[in-house]
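Residue strings, one per chain:
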Amino acid sequence: MKKRINPISYLGWLGIVGVIGINTGDFMLQLFLIYFIFFIYRNMPADELFWLNIRKSATRAFILEIILNSVMIILITILEKYNISSAISSAIRISIIRGFGIIFLIALLFFIVMLAWYGKQERKSVEDIYDNNKY
């Protein structure tokens, strides 16, 4: 029987963009290095419980990103309302773009931490069941 690779592990290849970022010195591209964490799931079986954990983690990360993006849009609206001068606004535009990148990174890290936490809970519950069934 051929062992199947977990499809989530393919996200790890996006980490190569982070290596390009290291070579070019671009901070935003270096954020892609976090994707190398997904290679951990290469040999993990992709059963129904794993996909349930993915769904729960992704839902929470999505809600967090919606909240943070809304806060960022409110800040942009406030800055636009008060007509910042053009010399300052170019620096602020770059900061806003980086802010959205950092918000995405925060949501991705939140997703990874939640997925690891659900996996830890799953292993703990399996150990508890195993310990309770010993005679």
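Cut-offs used in this document
Residues numbered from 1 in each chain as written. Predicted model: local features only at pLDDT ≥ 70, side-chain atom pairs only at ≥ 80, totals over all residues. Heavy atoms only, no water. Helix = DSSP H or I, 4+ residues; strand = E, 2+ residues; numbered from the N terminus. Rg over C-alpha atoms; globule rule 2.2 N^0.38 Å. Buried < 20%, exposed > 50% of the residue type's maximum accessible area, 1.4 Å probe, protein only. Contact = heavy atoms within 4.5 Å. Lys, Arg positive; Asp, Glu negative; His and termini not counted. Charge placed at Lys NZ, Arg CZ, Asp CG, Glu CD. Core = buried A, V, L, I, M, F, W, Y, C linked by side-chain atoms within 4.5 Å. Expected span 1.5 Å × (residues − 1). Arc of directions from axis to C-beta. Phe/Tyr/Trp six-rings, centres within 6.5 Å; stacked < 30°, edge-to-face > 60°. Lys NZ or Arg CZ within 6 Å of the ring centre and 35° of its normal.

### Focus: the overall build of the protein chain
Here's step 1: When you go through the protein chain residue by residue, the secondary structure sums to 4 helices and 0 strands.
Here's step 2: Secondary structure elements in the protein chain, listed N-terminal to C-terminal, are α-α-α-α.
Here's step 3: Over its C-alpha trace the protein chain gives a radius of gyration of 20 Å, far above what one expects of a compact globule, namely 14 Å for 135 residues.
Here's step 4: When the backbone C-alpha atoms are referred to their principal axes, the protein chain occupies close to 75 × 30 × 20 Å.
Here's step 5: The buried share of the protein chain, reckoned over its 135 residues, is 24%.
Here's step 6: Partitioning the contacts of the protein chain with sequence separation of at least 6, the portion at a separation of at least 24 is 76%.
Here's step 7: Taking the average location of the 14 positive side-chain charges in the protein chain and that of its 9 negative ones, the two points are 3 Å from each other.

### Some words on the nonpolar core
Here's step 1: Among the nonpolar cores identified, the biggest contains 14 residues, and Phe38 and Phe111 are the most heavily contacted of them.
Here's step 2: Elements with a minimum of two residues in this core: α3 (48-81) and α4 (86-132).
Here's step 3: The dominant element in this core, judged by the number of residues it contributes, is α4, at 5 residues.
Here's step 4: With residues up to four places along the chain from it excluded, the contact list for Phe111 reads Phe38, Ile54, Ser57, Ala58 and Ala61.

### Comments concerning α3
Here's step 1: Between its first and last C-alpha, α3 extends 49 Å over 34 residues, near the 50 Å set by a 1.5 Å rise per residue.
Here's step 2: When we look at burial in α3, the residues that qualify are Phe50, Asn53, Ile54, Ser57, Ala61, Asn69 and Met72.

### Digging into helix α1 (residues 15-24)
Here's step 1: All of the buried residues in α1 are Gly15, Gly18 and Gly21. All buried residues of α1 fall inside an arc of 95° around its axis, so they share one side. Away from its buried face by more than 90 degrees, α1 exposes Asn23 and Thr24.
Here's step 2: Buried residues in α1 make contact with α2 (27-30).
Here's step 3: Looking one or two places after α1, you find Gly25, whose phi comes out positive at around 80°.

### Considering the packing of aromatic side chains
Here's step 1: Considering all chains together, one arrives at 8 aromatic pairs under this definition.
Here's step 2: Judged by centre distance (6.2 Å) and plane angle (35°), the rings of Phe38 and Phe111 are tilted. Note that Phe38 is positioned in the loop between α2 and α3 and Phe111 in helix α4, a separation of 73 residues in sequence.
Here's step 3: Judged by relative accessible area, which is 1%, Phe38 ranks as buried.
Here's step 4: Looking at Phe111, the relative accessible area reads 11%, which means it is buried.
Here's step 5: Ring centres of Phe50 and Trp51 lie 5.5 Å apart, and the angle between their planes is 70°; on these two criteria the pair is classed as edge-to-face.
Here's step 6: Here Phe50 falls in the buried class, since its relative accessible area comes to 4%.
Here's step 7: For Trp51, a relative accessible area of 29% translates into the label partly exposed.
Here's step 8: In textbook terms, an aromatic cluster arises when at least three aromatic residues are bridged by ring pairs, as seen for Phe32, Tyr35, Phe38 and Phe111.
Here's step 9: One cation-aromatic arrangement involves Lys56 over Tyr118; the distance from NZ or CZ to the ring centre is 4.4 Å.

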